[in-house]
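# Observations on the model geometry
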Amino acid sequence: MKTLKDALTVARALRGVPLEKAPATLLPAVLRRVGLADSYWRLESPVGPVYIAHSKAGISMVRRAKSPAEFQRGFQKHFGREIHREKAVPPAAVRALVRNLKGRGKDQRGLRFDLRGLSEFERAVLLKALEIPPGEVRPYSWIAREIGRPGAVRAAGSALGKNPVPLLIPCHRVVRSDGHIGNYSLGGPRNKRALLEVEGAKPELLERLAASGVRYLGNAEAKHFCYPTCGGIETLVETNRVRFHSEREAIAAGFHPCGDCRPPVALAS
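In what follows, the accompanying structure is described. (Residues numbered from 1 in each chain as written. Predicted model: local features only at pLDDT ≥ 70, side-chain atom pairs only at ≥ 80, totals over all residues. Heavy atoms only, no water.)

## Describing the environment of Val 137
As for its position among the elements, Val 137 is in the loop between α5 (120–129) and β5 (138–139). The buried category is assigned to Val 137, whose relative accessible area is 8%. Leaving out residues up to four positions away in the same chain, Val 137 has contacts with Ile 132, Arg 173, Val 175, Leu 196, Leu 206, Tyr 227 and Thr 229. (Helix = DSSP H or I, 4+ residues; strand = E, 2+ residues; numbered from the N terminus. Buried < 20%, exposed > 50% of the residue type's maximum accessible area, 1.4 Å probe, protein only. Contact = heavy atoms within 4.5 Å.)

## Considerations on the pattern of salt bridges
Tallied over the entire structure, the rule returns 13 salt bridges. For Glu 44, the salt bridge goes to Arg 42, with nearest N and O atoms at 3.5 Å. Its relative accessible area of 35% is what places Arg 42 among the partly exposed residues. Arg 116 is paired through a salt bridge with Asp 114; the nearest N and O atoms lie 2.7 Å apart. On the accessibility criterion, Asp 114 (7% relative accessible area) is buried. By sharing partners, the salt bridges in this structure join Lys 128, Glu 131, Glu 146 and Arg 262 into a single network. (Salt bridge = Lys/Arg side-chain N within 4 Å of Asp/Glu carboxyl O.)

## Observations regarding the packing of helix α8 (residues 188–199) against helix α9 (residues 203–211)
It is the contact of α8 with α9, at a shortest axis distance of 9 Å, that shows an interaxial angle of 110 degrees. Classed by the angle they form, the pair α8 and α9 counts as roughly perpendicular. Along the contact surface, α8 presents Arg 193, Leu 196 and Glu 197, while α9 presents Pro 203, Glu 204 and Glu 207. Tallied by class, residues from the contact of α8 with α9 come to 2 nonpolar, no polar and 4 charged. (Axes fitted to C-alpha atoms, helices over the stretch in contact; angles between N-to-C directions. Parallel < 35°, antiparallel > 145°, perpendicular 65-115°, else oblique. Nonpolar A, V, L, I, M, F, W, Y, C, P; charged D, E, K, R; others polar.)

Next up, the structure:
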C-alpha cells in the first residue's frame, strides 16, 4: 500500500470480516522468546522456602507458598499474567540475601526491583527501608520522617505491610513506634522475630526495652543518643546504662541526636 487512500480501501474491504482469535498460549510464548516473560526461583530462607518472581524489569514478588502451583496461581491473580519456573541459577546476591539477610542498600546495587503498580509514596517507603543495616531496626515513624512525611506514620506502616518483596526489601527491620516488634507480612510476628534473631538484633531484648518504655540509649562519651540497635545490639544495649524514654528527655540531659541512626530532634521543655 503506497498511499493512505490504498490503506482505507483495504480497511473498507475487510470491514465485517471476522478475525481469528489468537490462542491463549501465544502471548506467553512470545514474551519468553524475547526475554520479557516472568519467571521465578525457589530458594531456602531462614523462615523456610520462598518463591521469588522476576523479569527484565526487576524482582516483583517474594512469597511463601505450599507448592509451585500455589505460587503461580497467586502471582497470576495479583498481576494478571502467567509465570514459569526459571531454569538458570539465581544471582549470587539474591542467594546470599535470602540465605543470611546480610544486605543493605549499597550491597543491593546489582538488584533491580519492579515496583510498578505502587504509588510514589509506597515506593519511597520501601526504598528507605533498604537503608536500614542488618541487625538494626527503626520505627515506622523514622521511615515517615526520613521521606519527608512525618505525619504519615500509619500510611508508612500500611505500605510496609503490603511490601511485595519482603526479605530483599527488609521491612522486618521496621518496628512499631513504641519499640515493639509488630506484625510481618511474610508469616507474622514469629517469622519477624526469627529474621531479626538471624541478624543478631535480639528481638526479646528489644521487646523488654519497649515494655519498659525505653526508646533511646545514650553514648556518655560522645553525648549523643541513638535508637537501641544503632551500630549493632552489643554496641549500646548490652553495655550502656544511659537510657531515655523520649528524645525530649535526652536533649534535656545534654545529648544530641546520633548522625548515623538519625533519631528525631525535639526541643527540651
